[in-house]
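Here are the chains, one letter per residue:
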Protein chains: 2
Amino acid sequence: MSYQYDEKFDGALASYDKTRAVAELHSLLPDLDILHELEDLRPYECDGLSAYRTTPMMVVLPERVEQVQAILRFAHARSIPIVARGAGTGLSGGALPLEKGILLVMARFNRILDVDVEACTACVQPGVRNLAISQAAAPFGLYYAPDPSSQIACSIGGNVAENAGGVHCLKYGLTVHNIQKLEVLTIEGEQLTFGSDALDSPGFDLLALMTGSEGMLGIVVEVTVKLLVKPRSAKVLLASFDDIGKAGAAVAEIIGAGVIPGGLEMMDNLAIRAAEDFIHAGYPVDAQAILLCELDGAESDVDEDCAMVDALLRKVGATDVRLAGSEAERQRFWAGRKNAFPAVGRISPDYYCMDGTIPRRELPRVLKGIEDLSVEHGLRVANVFHAGDGNMHPLILFDANTPGEMDLAEALGARILELCVAVGGSITGEHGVGREKINQMCAQFSSDELSLFHAVKAAFDPGGLLNPGKNIPTLHRCAEFGSMHVHHGAVPFPELERF
Amino acid sequence: MSYQYDEKFDGALASYDKTRAVAELHSLLPDLDILHELEDLRPYECDGLSAYRTTPMMVVLPERVEQVQAILRFAHARSIPIVARGAGTGLSGGALPLEKGILLVMARFNRILDVDVEACTACVQPGVRNLAISQAAAPFGLYYAPDPSSQIACSIGGNVAENAGGVHCLKYGLTVHNIQKLEVLTIEGEQLTFGSDALDSPGFDLLALMTGSEGMLGIVVEVTVKLLVKPRSAKVLLASFDDIGKAGAAVAEIIGAGVIPGGLEMMDNLAIRAAEDFIHAGYPVDAQAILLCELDGAESDVDEDCAMVDALLRKVGATDVRLAGSEAERQRFWAGRKNAFPAVGRISPDYYCMDGTIPRRELPRVLKGIEDLSVEHGLRVANVFHAGDGNMHPLILFDANTPGEMDLAEALGARILELCVAVGGSITGEHGVGREKINQMCAQFSSDELSLFHAVKAAFDPGGLLNPGKNIPTLHRCAEFGSMHVHHGAVPFPELERF
């Protein structure tokens, strides 16, 4: 599970002499912080997906747009690849450096430039932390809706690069739905504006194209996000089930009734027990599954929805439904869910977090499929997911010190993602493709579709210098490593019949 | 205001002999309906923007995807340009044919393929009418949210091409926010899938890129739309103002209070009087402005919001606030607004409908600016707009039979759009650029940004055969006809100081 950029499959990169590159860049930008000694580079070897590591040629820490422009022009002129990095919390290796490339760390772009209360927007630099935006907006009763679990640390630039989600994205959308304007530098160092201060912008939707493009199209230097007014009331219901299928059915009932919960999360027994043991959230440790359903909005509306959802949950067979009786209890219920990953980390030496999205109706079939694959591979899987939007996070438990187990975990993860594709879903919900899932992209897309991605990439970056080897696999890679393209269930997935 | 595709400025087109093209295509696809006689072509000379007219070389009316693929391959091999057309209700000339091109009419792709109640989606062919989707979903308590005024006639394929909006898009988003998957044919006739049956899809966001691309990137042959559960309750408030600035302030107050109305529409005195005279909606004809504010959701929530909004409206100086007392009255209030365009058509021989979007805060300044420009040009302007999202529809009243007045109307329209850009807004909210606003795109975007649009276009259609001369101006056109690029207010707009 630790491979480097592969020139053979990801396109040949020109190799520029490191000593010369550092000296030239230093002479060009004497004010720029450049790291190039091995001990200084170590902290930048990986992002949140620590299984993949590469030492970059150098790390640069610019503070001003003009410096980034100069760095891009420098790299462009010498064909040196560039990988941008925000806070480095990404889970798919999107910010994994290149041995022969520059790692462009945007962490020092950490200023909130403006909170516009009337327009309900904030203009921020890309290194600003997700949570810091909501904190700056709080005095005005506003907040920034997307809330990835890493929101205390992750940067908005990284959120844009990965189109990050969170527990509230069913109701409030992904990053792409919550940004309004981007200032972007091209590989040539030109500054362009995507989107506008109005709610729509003509021409092609490059704002959406840029969002989730994982640093392959340009470097974001300014983000205008939309802010929402804080809901007047928020309540959370905790429902227990003796069968995970019933929990899945409950999700369909709630959505079908026209209620859009602020959050609708599911955890299976293994995840429940791990979280309860760690956080003491008050979860029912004997339940086969729990659902956390948060309802927010106007006070009376929330009360009405709570009563309706409570009745629906019981109708589909919830063994217990509890309304958080206080704000403290509500926070505790969420703390269990938000800490589910580290909680699972306490019951296994290692775990591998997957991120697949499926049509909601396929939940029972895919859960059964994961169970079968888990038995087949001899590894436990804990399931934690954004049930409302069909975004699953199976956590594969393994021990990297047991020979072969890491490979087994990776193989199981790949099979789970292919299963998601086979039922009409996708290999990622919110963590991105990065380096981790590049081979699974071959299952997701046809070679015609991948060719179009490459053509779009070339429109922005003809030399392929921005984050090569991530997100979009070459056709060569797919031919060599990739799985069969499973066209949204149209081509039979050999294993699917069993599920 | 009636100009043709200009080879000099929009790129040279190969000219293929018409008789030969018709004969060859007929021999290739004997089942295909091909129109080529002048009297048969006349109805296709324009779309909803009737001031622009061109007779196409031929019109084809395919019924099956394989026919469209064959037509595309035929045209591609011979470098014959293709313009796609849905119902032809577009207001910016996006479906204006080319004298030397094929007009591809998708009207016969009119089947609803599936309504998936559990997933809350409908899979439809592109020629299906917008309203027909909601009608098919109605038995299940679902509907398709975007509702352009032309929804009884316009097709979903055209909605995708123009990223159509409607009175409910403040709360429910534009077309791009309400579609989940597209099946698209490239100019080479290859079928690709953008988006997925899950709520997210990896790789570049080609679904969003395709939406609003005005037929320049590919031909949509299938659309999977998201359906929403019908709100349990909807009520509408009608507020009168003796000053249009106060109405603008009310919009800011409502949004700032955290209420997101289902619809929030403003009309000025000229529009009020025209609509009342036509529809007898019960509008106050002496008011300088009215606001229509629809609140929808759970019953109790709607009541709570109505009380809050009523108080806010009075606080900012509404002279009267009326709650529609019955469903019939609610429908009447909306009928006045939805028929505002034809109503204005009754008080003037001709009118020219603009579509600009501005930051909400700029509403008073832009309204004043429009008033000044109206006086300066000696033409009346009626204002009707989606106030909540800052999307204005100034209607310029003129008489095409008065020499010079059409040119004057066009000049005034261009000035209004440039004013929108100068305050940080955009030249279109929901009607698209098409042929009509192609010169204003030069004011909206820098040459670097336009070059990137062209590069993206070339990634899909290197030969420039799909709808050339629309949406994205060539740099040559901008140099020749275009206005100065006004970079989101950064470069001073000479006239803005006056407003």
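Residues numbered from 1 in each chain as written. Chains lettered and ligands numbered in written order. Predicted model: local features only at pLDDT ≥ 70, side-chain atom pairs only at ≥ 80, totals over all residues. Heavy atoms only, no water.

Going by an unreviewed UniProt entry, chain A carries the name Glycolate oxidase subunit, FAD-linked and comes from Paraburkholderia dioscoreae.

(A) Here's a closer look at the overall build of chain A. Counting secondary structure elements, chain A contains 18 helices and 19 strands. Radius of gyration (C-alpha) of chain A: 23 Å, near the 23 Å computed for a compact globule of 499 residues. The dimensions of chain A, computed from C-alpha atoms along their principal axes, are 70 × 55 × 45 Å. Relative to its 499 residues, chain A shows a buried fraction of 61%. Contacts in chain A between residues far apart in sequence, at least 24 positions, make up 72% of those at least 6 positions apart. Carbon and sulfur atoms form 51% of the exposed surface of chain A, whose accessible area is close to 16900 Å². Of note, chain A has its 41 positive side-chain charges centred 2 Å away from the centre of its 67 negative side-chain charges. (Helix = DSSP H or I, 4+ residues; strand = E, 2+ residues; numbered from the N terminus. Rg over C-alpha atoms; globule rule 2.2 N^0.38 Å. Buried < 20%, exposed > 50% of the residue type's maximum accessible area, 1.4 Å probe, protein only. Contact = heavy atoms within 4.5 Å. Areas by Shrake-Rupley, 256 points an atom, 1.4 Å probe, with all protein chains shown as cover. Lys, Arg positive; Asp, Glu negative; His and termini not counted. Charge placed at Lys NZ, Arg CZ, Asp CG, Glu CD.)

(B) Representation of the packing of helix α9 (residues 244–256) of chain B against helix α11 (residues 299–315) of chain B. All names here are of chain B. Two elements in contact, α9 and α11, have axes whose closest approach is 9 Å; the angle formed by their N-to-C orientations is 145°. In this structure, the crossing between α9 and α11 has a hand that is right-handed. For the pair α9 and α11, the contacting residues are A250, E253 and I254 in the first and V309, L312, L313 and K315 in the second. Grouping the amino acids of the contact of α9 with α11 by side-chain chemistry returns 5 nonpolar, no polar and 2 charged. (Axes fitted to C-alpha atoms, helices over the stretch in contact; angles between N-to-C directions. Left-handed = near helix turned anticlockwise from the far one by under 90°. Nonpolar A, V, L, I, M, F, W, Y, C, P; charged D, E, K, R; others polar.)

(C) View of the state of the cysteines. Residues and elements named next belong to chain A. Under the criterion given, the structure shown has 2 disulfides over all chains. At a sulfur-sulfur separation of 2.0 Å, the disulfide partner of C442 is C478. Taking the sign of the S-S torsion, -85° for the link of C442 and C478, the bridge is left-handed. With C442 in helix α16 (residues 441–444) and C478 in helix α18 (residues 475–480), the pair connects residues that are 36 residues apart, well separated along the chain. Across the pair, C478 and C442 agree in class, each one buried. (Disulfide = S-S within 2.5 Å.)

(D) Quick peek at the pairing of strand β2 (residues 58–61) of chain B. Residues and elements named next belong to chain B. The alternating pattern of β2 places M58 and V60 on one face and V59 and L61 on the opposite face, and all of these are buried. Two strands pair when backbone bridges link them, and strand β1 (residues 33–35) and β2 are joined in this way by 3 bridges, in the antiparallel orientation. Paired with L35 across the strands is V59, a residue of β2. (Pairing = 2+ DSSP bridges.)

(E) Representation of the relation of the copies chain A and chain B within the structure. Overlay of chain A on chain B (RMSD 0.0 Å): rotation 180°, translation along the axis 0.0 Å. The two molecules are tied by a two-fold rotation axis, judged by turn and shift. Taking C-alpha positions as the reference, the residue of chain A nearest the rotation axis is D301(A), at 2.4 Å. When you check the interface residues of chain A against chain B, 100% turn up at the interface there too, and the contact is symmetric in its surfaces. (Least-squares fit on C-alpha atoms with pLDDT ≥ 70 in both.)

(F) Structural view of the interface of chain A and chain B. Every contact between the two is made by 76 residues of chain A and, on the other side, 76 residues of chain B. Per-residue buried area on chain A facing chain B is highest for P202(A), F204(A) and R361(A); these three make up 13% of the total on that side. Taken together, chain A and chain B are joined by 6 salt bridges. Across the pair R232(B) and E304(A) runs a salt bridge whose closest N-O atoms are separated by 3.3 Å. Breaking the side of chain A that touches chain B down by element, the ones donating at least two residues are β9 (191–195), α8 (206–210), α9 (244–256), α11 (299–315), α16 and α17 (447–460) of chain A. A total of 9 residues in the side of chain A that touches chain B trace back to one element, the largest contributor, which is α17(A). Classifying every residue of the side of chain A that touches chain B gives 35 nonpolar, 23 polar and 18 charged. (Buried area = accessible area lost by both parts, 1.4 Å probe. Salt bridge = Lys/Arg side-chain N within 4 Å of Asp/Glu carboxyl O.)

(G) Examining the sheet that holds strand β1 (residues 33–35) of chain A more closely. All names here are of chain A. With mixed pairing, the 4 strands of this open sheet are ordered in space as β1-β2-β4-β3. The open sheet is flanked by β1 and β3 (82–85), the only strands paired with a single partner. Going from strand to strand, the sheet's axes swing by 25° on average, the running direction of each strand aside. Contacts from helix α2 (residues 18–28) reach β1 and β2 (58–61) within the one sheet, and its direction differs from that of β2 by about 15°.

(H) Molecular detail of α9(A). Residue and element names in this part refer to chain A. Between its terminal C-alpha atoms α9 stretches 19 Å, which fits the 18 Å expected from 13 residues at 1.5 Å a residue. For α9, every residue scored as buried is listed here: A247, G248, A250, V251, I254 and I255. For α9, the angular spread of buried residues about the axis comes to 155°, placing them on one side. Residue D243 occupies the N-cap position of α9, its side-chain oxygen lying 2.6 Å from the main-chain nitrogen of G245. Where α9 ends, the next residue or the one after it, G258, has phi of about 90°, a positive value. (Expected span 1.5 Å × (residues − 1). Arc of directions from axis to C-beta. Polar contact = N/O pair within 3.5 Å; in protein donor to acceptor, adjacent residues only side chain to side chain.)

(I) Seen up close, the packing of aromatic side chains. Residues and elements named next belong to chain B. Overall, the coordinates contain 8 aromatic pairs over all chains when judged by the stated rule. A centroid spacing of 6.4 Å and a plane angle of 85° characterise the contact between Y143 and Y172, whose relative ring orientation is edge-to-face. Of this pair, Y143 sits in strand β7 (residues 142–143) while Y172 is found in helix α7 (residues 169–172), placing the two residues 29 residues apart along the sequence. Classification of Y172 as buried rests on a relative accessible area of 18%. (Phe/Tyr/Trp six-rings, centres within 6.5 Å; stacked < 30°, edge-to-face > 60°.)

(J) Spotlight on the confidence of the model for chain A. The pLDDT averaged across chain A works out to 90; a share of 94% of its residues lies at or above 70. In this model residues 486–499 of chain A is a low-confidence stretch, pLDDT under 50, and it forms 37 contacts with partners more than four residues away in sequence or in other chains. (pLDDT = per-residue confidence, 0-100.)

(K) How the structure looks around unusual backbone geometry. Residues and elements named next belong to chain A. Not every positive phi belongs to a glycine, and C120 is a case in point at roughly 55°. With respect to the secondary-structure elements, C120 resides in the loop between β5 (112–116) and β6 (121–124). Of the residues examined, C120 reaches a relative accessible area of 8% and is grouped as buried. Its identity is not glycine, yet N163 carries a phi of approximately 50°, on the positive side. Among the secondary structure elements, N163 is positioned in the loop between α6 (156–162) and α7 (169–172). Its relative accessible area of 9% is what places N163 among the buried residues.

(L) Looking closely at the sheet that holds strand β10 (residues 219–226) of chain A. Residues and elements named next belong to chain A. An order of β5-β6-β10-β8-β9 is seen for the 5 strands of this open sheet, with the pairing classed as antiparallel. A strand with exactly one partner marks an edge of an open sheet, and here the two such strands are β5 and β9. Taken pair by pair, the neighbouring strands of this sheet meet at an average axis angle of 15°, ignoring direction. Looking at chain direction, β6 and β10 are connected through 4 bridges and run antiparallel. Looking at the pairing, A122 lines up with V225 of β10.

(M) Region of the structure containing the environment of A411(A). Here A411(A) lies in helix α15 (residues 405–422). Separated by 34 residues in the primary sequence, A411(A) and H377(A) place their C-alpha atoms 8.6 Å from one another.

(N) Here's a closer look at the side chain of N130(A). All names here are of chain A. Tracing the backbone through its elements, the reader meets N130 in helix α5 (residues 130–137). For N130, the side chain forms a polar contact with the side chain of Q151, separated by 3.2 Å. Looking at N130, its side chain comes within polar contact range of the side chain of N159, at 2.9 Å.

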